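What the coordinates show
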Amino acid sequence: SMCSSDTNSSAREIKFEYFDSSKCEKFEDFPICKKTLKGLTSSKFMKPTDIQREAIGLALNGNDILGAAKTGSGKTLAFIIPILEHLYSEKWSQNDGLGALIISPTRELAFQTFEVLKKIGKFHDFSAGLVIGGKPLKEEAGRINRTNIVVCTPGRLLQHMDETTYFNADSLQIVVLDEADRILDMGFSQTMNAIIENLPAERQTLLFSATQTRSVKDLARLSLTDPVFVSVHENA
Ligand code: ADP
Ligand code: MG
């Protein structure tokens, strides 16, 4: 029952071999499960952009990634698809708690990412939530440990790590640092360092940025393990 457009077990086996995405012209060419593919096609996403083709392929192979591609190149799906696939392949369920974290620079961007996540992930059974403040900390705290995929802002996440006594990131499978250059431009460098210290060592991390500044490379060094660099410059 695992995967892709075929009904036998081959799609699952592909995941444990090295998968080369360079020839993937359509999302259906990737070894992704039916639920994710349905989420994509129902939103009229048929063909990956360049950053998606490269980053999704590498992420499905389990790599940590530093992905650089300019604004508008499609970085959001380049991490939402790997998140859904990672949790699905781990048979993650609502009872398993926090499995994936997406860190966004601003509430507005977190909200936009959450909207895309809801659309693409709607055929999965994962729970998803926003942790961006604007509500009492306690209200968010009750949900955060029970939510499978959390989209958050750095300041609010660290606040939970510091103040929510039962906050627990130990089960995290995959972490995304989105728009890392903006996160750092906004002065969240120390906050990010503190967050990363609170994350379990055994995890997959995907870092995306429109530009590759010195401080992005510093953050990458701190947060990624043997990363693969993906750099794409295209007209989206
Ligand atoms: P970035 O984060 O790199 O700035 P986004 O993920 O926000 O880019 O995507 C930019 C725009 O491109 C969005 O409107 C999105 O819906 C669209 N888009 C993304 N991927 C695809 C795709 N594979 N096919 C068609 N449109 C896409
Ligand atoms: Mg983006």
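Residues numbered from 1 in each chain as written. Chains lettered and ligands numbered in written order. Predicted model: local features only at pLDDT ≥ 70, side-chain atom pairs only at ≥ 80, totals over all residues.

Quick look at the pairing of strand β5 (residues 174–177)
With burial as the criterion, each face of β5 is covered, one bearing Ile174 and Val176 and the other bearing Val175 and Leu177. In this sheet, β5 lies alongside strand β2 (residues 100–103) in parallel orientation, the contact comprising four bridges. What sits directly across from Ile102, in β5, is Val176. Judged from the four bridges that link them, β5 and strand β6 (residues 204–209) form a sheet pairing that is parallel. The residue bridging Val176 from the neighbouring strand is Leu206, located in β6. (Buried ≥ 20, exposed ≤ 12 C-beta atoms within 10 Å, placed from the backbone. Helix = DSSP H or I, 4+ residues; strand = E, 2+ residues; numbered from the N terminus. Pairing = 2+ DSSP bridges.)

Quick look at the packing of helix α3 (residues 50–60) against helix α4 (residues 75–89)
At a minimum axis distance of 9 Å, the contact between α3 and α4 shows a crossing angle of 25°. In terms of orientation, α3 lies roughly parallel with respect to α4. As α3 packs across α4, the resulting crossing turns out to be right-handed. Residue-level inspection shows Ile51, Gln52, Ala55, Ile56, Ala59 and Leu60 of α3 in contact with α4, the latter providing Lys75, Leu77, Ala78, Ile81, Pro82 and Glu85. Partitioned by chemical class, the residues of the contact of α3 with α4 number nine nonpolar, one polar and two charged. (Axes fitted to C-alpha atoms, helices over the stretch in contact; angles between N-to-C directions. Parallel < 35°, antiparallel > 145°, perpendicular 65-115°, else oblique. Left-handed = near helix turned anticlockwise from the far one by under 90°. Contact = placed C-beta atoms within 7 Å. Nonpolar A, V, L, I, M, F, W, Y, C, P; charged D, E, K, R; others polar.)

Here we look at the site of ligand 1
Not every one of the 14 residues close to ligand 1 is listed here, only the nearest: Thr71, Ser73, Gly74, Lys75 and Thr76. Among the elements that make up the shell around ligand 1, the one with the highest residue count is α4 (three residues). Among the residues forming the shell around ligand 1, the class breakdown is five nonpolar, seven polar and two charged. (Near = placed C-beta within 6 Å.)

Digging into the nonpolar core
Ranked by internal contacts, the top residues of the largest apolar core, which has 66 residues, are Ile83, Cys152 and Leu207. Looking at this core element by element, the count peaks at eight residues for α4. If sequence neighbours within four positions are ignored, Leu207 has contacts with Ile65, Leu66, Gly67, Leu177, Ala180, Leu219, Ala220, Ser223 and Leu224. (Core = buried A, V, L, I, M, F, W, Y, C linked by C-beta atoms within 7 Å.)

Points about the environment of Gly72
You can see Gly72 is positioned in the loop between β1 (65–69) and α4. Assessed through the 11 C-beta atoms surrounding it within 10 Å, Gly72 is described here as exposed.

Observations concerning helix α2 (residues 34–42)
All of the buried residues in α2 are Thr36, Leu37, Gly39 and Leu40. Each buried residue of α2 lies within a common arc of 160° when the element is viewed along its axis, so the set occupies one face. On its buried side, α2 packs onto α4 and α5 (107–120). Positive phi appears at Lys44, one or two residues downstream of α2, with a value of about 70°. (Arc of directions from axis to C-beta.)

Observations concerning the pairing of strand β3 (residues 128–131)
Strand direction decides the pairing type here: β3 and strand β4 (residues 149–152), joined by four bridges, are parallel. Bridge assignment links Gly129 to a residue of β4, and that residue is Val150. In terms of handedness, the path from β3 via helix α6 (residues 137–144) over to β4 forms a crossover that is right-handed. (Right-handed = clockwise from strand over helix to strand, strands pointing away.)

Brief notes about the UniProt feature "short sequence motif: Q motif" (unreviewed entry) in the protein
Within the UniProt annotation, "short sequence motif: Q motif" (unreviewed entry) is assigned to residues 25–53. End C-alpha atoms of residues 25–53 are separated by 8 Å, and the span's content is 45% helix alongside 0% strand. (UniProt positions renumbered as here; feature names shortened; annotations may be inferred.)

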